[in-house]
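# Fold and contact review
If you want the building blocks of each chain, they are given just below.
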Amino acid sequence: METESEPYVRLATLRQLHQVVAELNTARSLADTLQTVVDGIVVGLGYELACVNLVRPDGDLVVAAFAGDPAAEALITGRVGSRSSWERRLTMGESWDGLRFIPHTEGWVLLEDDVPQWHTEGPDPRFEDEWHPEDRLYAPMYASGGELLGVISVDRPRNGRRPGAWGREALQMYAFQAAIAISNARLRANMQRALVRLEREQQALRASEESFRQAFEYAPSGMAIAEMGGDQHGRLLRTNDALCRLLGRPASVLRRYSFSDLVHPEDIGTLLRTSAEGGRAELRLGRRDGTYVWVSLRNSVVADAADGPRFLLTHVEDIEERKRHELQLAHRASHDSLTGLPNSAELRSRLGARLCRRPQSVRATAVEALDAAYERGGAAAGAGGEHGFRSDGFPDPYEYAGAPGGPGAGPDPGGQGPCPGAAPAAGAGPYDHHVHTVAPAADIDDGTKGLAVLFCDLDGFKSINDRFGHHTGDAVLIEVARRLTTCVRDGDTVARLGGDEFVVLADGLGAADAADLAVRLRNAIIPPIRVDGRAVRVGASFGIGWASCGMSADEVLRSADQRMYIEKRSRSKAHRRAG
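To start, this report covers the structure provided alongside it. None of the values given here were measured: they were computed from a predicted structure. (Residues numbered from 1 in each chain as written. Predicted model: local features only at pLDDT ≥ 70, side-chain atom pairs only at ≥ 80, totals over all residues. Heavy atoms only, no water.)

The next point concerns the packing of helix α16 (residues 470–486) against helix α17 (residues 511–525). The geometry of α16 relative to α17 is characterised by a closest axis approach of 9 Å and an angle of 145° between their N-to-C directions. In this structure, the crossing between α16 and α17 has a hand that is right-handed. For the pair α16 and α17, the contacting residues are Val480, Arg483 and Leu484 in the first and Leu521, Ala524 and Ile525 in the second. Broken down by class, the residue content of the contact of α16 with α17 amounts to five nonpolar, no polar and one charged. (Axes fitted to C-alpha atoms, helices over the stretch in contact; angles between N-to-C directions. Helix = DSSP H or I, 4+ residues; strand = E, 2+ residues; numbered from the N terminus. Left-handed = near helix turned anticlockwise from the far one by under 90°. Contact = heavy atoms within 4.5 Å. Nonpolar A, V, L, I, M, F, W, Y, C, P; charged D, E, K, R; others polar.)

Right under this line is the structure:
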């Protein structure tokens, strides 16, 4: 079971990983890229020492960059290890997916080979996963064709332990991105040399054009040349085979288009904002089959000394896999690993997005609510339809989870609605751009709809864990999560707080609606659950709270929790027991 703090640790690690990966793309030369790779490991991945062993043309590996210890750097930088010795190391020890770990109990046989190393002697580990000074951890880097580019070596984790599953995956993903950055640095160097020859070697124009043609045609990433200026500005003049394969279109067809014709409609603004010279953008391009692929565009202007800019050279890199990894890591950081439901941190984030500091007693009038709705609609239209998407381009289904017409929308006579948190315009009041979330009246049903928070605690679950073990308990939790999810609307949220506690957020409900929903959810949980041929039963106690501006997310959850315990105590133990 994960502890409640792990999602926050993972999110912090993910942010550091994103930052150091982003810095890989800012390095200009190959040497800068290699040094940025090792610096990123020391800064962002929690190791005190790191080095890059780069494959030379003759096949041997040279220590090309080092970070963490100036003395060790001076000792081994520039030294060479034979390819055979490295191949021996990469087949020894333990395979951690794409990593290779050689414990100190096996690594003693490597002390006399010719691979440069800085390991020192030390005492035996005090516990199983303690890092020993002679432990070795390698992350091989491969080109897109499977060719070995080099090997990252790391040592001395700051926490003194061998990396767990999360740390291994982070190092493996970083090595994957480092390989791309090194390949791109070499590609940029080749392209720069070709462009310099085109500009400075006018007498050798044919040779320069041939060199450029080969670098362009055989580049592993997509390349395109587009027209600049005139009525045909942006039209593709030439594309290489890699870009044609990426988009699933032949070169003859691509010459009919510009990138603005191929870009996803939601990314057209990103494309237009990208500067022509030195510009870079991450966006989606359309394939022939109607799907879209995430790419990174890097533009360079190829100029004529006399006539000025002539055409635009665009490097198109496929980043679909990286985007998928980022989304998967973000999902793991915000969702429960057992049930797949949003976890406690994600629940508080979604709930907090609907609340502001204004007290519930200060309610917006119907005219104010209508004005705010029109202002939101005008702002979204003026933004070119980009509202509702995260900064990385993925749609944000929760930004307006209760907005009219959105998921979970319902009647809104009470003034409740989304809380985008937009900054007020100059001269506007502090709440002019915020439609407040209010709670229905407790004594009378005046038709007000609000954001209901249903706190669920399973009855009889502990006895199932005690009698049948955690395997059965986990299966029960998974099935309860499935049943809760099937009983709510698409726009509602079902989250797991931890243990046997769940929370349901349902917008646009009145008091009677929320009570009916609690009954339906309880009735869905009660039927027997079969695990390994055995039928077990759990009950459920529900407490209904209401989100209201002026409250914090913790206060809302605490209120629903207290009501749940009142409801639990109001029923006899015989009615609560199950299983």
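Following the structure, the description resumes.
Once that is clear, we can look at the side chain of Asp459. Residue position: Asp459 is located in strand β13 (residues 450–459). Asp459 gets classed as buried once you look at its relative accessible area, which sits at 4%. Polar side-chain contacts of Asp459 include one of 2.3 Å to the side chain of Lys568. (Buried < 20%, exposed > 50% of the residue type's maximum accessible area, 1.4 Å probe, protein only. Polar contact = N/O pair within 3.5 Å; in protein donor to acceptor, adjacent residues only side chain to side chain.)

If you trace the four strands from one edge of the open sheet to the other, you get β14-β15-β13-β18, paired in antiparallel fashion. Among the strands making up the open sheet, the edge pair consists of β14 (493–498) and β18 (539–546). Shown here is a sheet whose adjacent strand axes are inclined to one another by a mean of 25°, direction ignored. Judged from the eight bridges that link them, β13 and β18 form a sheet pairing that is antiparallel. Residue pairing for β18: Phe455 is matched across the bridge by Gly543. Taken strand by strand, α17 contacts β13, β15 (501–509) and β18, and its axis lies near 160° from that of β18. Each of β13, β15 and β18 touches helix α18 (residues 553–570); the most contacted strand, β18, lies at about 135° to it. (Pairing = 2+ DSSP bridges.)

Now for the pattern of salt bridges. In a structure, side chains of opposite charge can pair up when their charged atoms sit close to one another. Summed over all chains, the structure comprises 28 salt bridges. Across the pair Arg161 and Asp129 runs a salt bridge whose closest N-O atoms are separated by 2.8 Å. Separated by 32 residues along the polypeptide, Arg161 in the loop between β7 (148–157) and α6 (165–200) and Asp129 in the loop between α5 (104–107) and β6 (136–142) bring together distant segments of the chain. The network of salt bridges with shared partners includes Glu282, Arg322, Lys323 and Glu326. (Salt bridge = Lys/Arg side-chain N within 4 Å of Asp/Glu carboxyl O.)

What follows covers the nonpolar core. General note: in soluble globular proteins, nonpolar side chains tend to be found buried as a group. Leu17, Leu137, Met141, Ile152 and Tyr174 are the most contacted members of the largest nonpolar core, which totals 39 residues. Elements represented by at least two residues in this core include exactly α1 (6–24), α2 (30–44), β1 (47–55), β2 (61–67), β5 (99–102), β6, β7 and α6. Per-element tally for this core: the top contributor is α6, with 10 residues. Dropping the residues within four chain positions of it, Tyr174 is found in contact with Leu17, Val20, Val21, Leu24, Thr36, Val37, Gly40, Ile41 and Leu45. Val480, Val488, Val536 and Phe542 belong to the second largest nonpolar core, which has 31 residues in total. (Core = buried A, V, L, I, M, F, W, Y, C linked by side-chain atoms within 4.5 Å.)

Here we take up the state of the cysteines. By the definition in use, this model includes zero disulfides. Not engaged in a disulfide, the cysteine Cys549 finds its nearest cysteine sulfur in Cys356; these two sulfurs lie 3.6 Å apart. Given the relative accessible area of 2%, Cys549 is considered buried. (Disulfide = S-S within 2.5 Å.)

This next bit is on the sheet that holds β6. A sheet is described by the order of its strands in space; here seven strands give the open sequence β3-β2-β1-β7-β6-β5-β4, paired in antiparallel fashion. Every interior strand has two partners, whereas the edge strands, β3 (80–81) and β4 (94–96), have only one. Bridging between β2 and β3 involves two bridges; their strand directions are antiparallel. In the sheet register, Leu61 faces β3, and the bridge partner there is Gly81.

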